[in-house]
Amino acid sequence: MRVFGLAGWSGSGKTTLLTRLLPALIERGVSVSTIKHAHHAFDVDQPGKDSYRHREAGATEVMVSSQNRWALMHELRGAAEPSLEQLLRHMSPVDLVIVEGFKGAALPKLEIYRAAIGKPLLATEDSDIVAIASDRPVAGLGRLPRFALDDIGAIAAFIIAHLGLAGQDRGAAQ
């Protein structure tokens, strides 16, 4: 599996770009999964549901399954947060895993940048950033490719080419 990251400050539009990018990649014949890093406590379960009650009672893992999907919840119970590499080992094989967050991870990344947020470019400090998508032109940073945030077709084509998935690209129209 190839792994590619989306990095940017909170509010930059990473999730919005990702939800537009997924169909463009899939149309080009690339199977894609995602990993999203959360910086705070989160819960995918609902109080009162059986699976929630199982976790609250102390189960380390709870799997919920139906004819449409299954989900595995793993409680860390005080253990260290797993690394990206450990999480990737739990993923089913696909052509590409896109990682949202984990901006410190050593993997090729597209920086999503909005000047209005008032934060500096990550690319000035992160050599793993291989391109920038922004809502306005960004100067400097050598030869890093730059894309408009809404140029989803060009961003998809760049990721496919950068990761050597070019054989997958069927030239889908945007």
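Structure report, in brief.

Quick notes on the rules
- Residues numbered from 1 in each chain as written.
- Predicted model: local features only at pLDDT ≥ 70, side-chain atom pairs only at ≥ 80, totals over all residues.
- Heavy atoms only, no water.
- Helix = DSSP H or I, 4+ residues; strand = E, 2+ residues; numbered from the N terminus.
- Contact = heavy atoms within 4.5 Å.
- Patch = residues over 30% accessible without salt bridge, like charges linked within 9 Å, V, L, I, M, F, W, Y side chains within 5 Å.
- Areas by Shrake-Rupley, 256 points an atom, 1.4 Å probe, with all protein chains shown as cover.
- Salt bridge = Lys/Arg side-chain N within 4 Å of Asp/Glu carboxyl O.
- Axes fitted to C-alpha atoms, helices over the stretch in contact; angles between N-to-C directions.
- Parallel < 35°, antiparallel > 145°, perpendicular 65-115°, else oblique.
- Left-handed = near helix turned anticlockwise from the far one by under 90°.

Another aspect to go through is the side chain of Ser 51. Looking at the secondary structure, you find Ser 51 in helix H2 (residues 50-56). Look past the residues within four positions of Ser 51 in its chain and what remains in contact with it is Asp 45, Val 62, Val 64 and Met 73.

Our focus in this paragraph is a nonpolar patch on the surface. Together, Met 63, Trp 70 and Leu 72 make up an exposed nonpolar region whose accessible area comes to about 350 Å². Its place among the elements puts Trp 70 in strand S4 (residues 70-74).

It is worth spelling out the packing of helix H1 (residues 14-27) against helix H4 (residues 152-162) at this point. Packing of H1 against H4 leaves a shortest axis separation of 9 Å and a crossing angle of 65°. The angle between H1 and H4 falls in the class roughly perpendicular. The chirality of how H1 crosses H4 is right-handed. Contact residues: Leu 17, Arg 20, Leu 21, Ala 24 and Leu 25 in H1; Ile 152, Ile 155, Ala 156, Ile 159 and Ile 160 in H4.

What follows is about the pattern of salt bridges. Evaluated as defined, the whole model comprises six salt bridges. Between Lys 109 and Asp 126 there is a salt bridge, with the nearest N and O atoms lying 2.9 Å from each other. Residue Lys 109 is located in strand S6 (residues 109-113), and its partner Asp 126 is located in the loop between S6 and strand S7 (129-134); the two are separated by 17 residues in the primary sequence.

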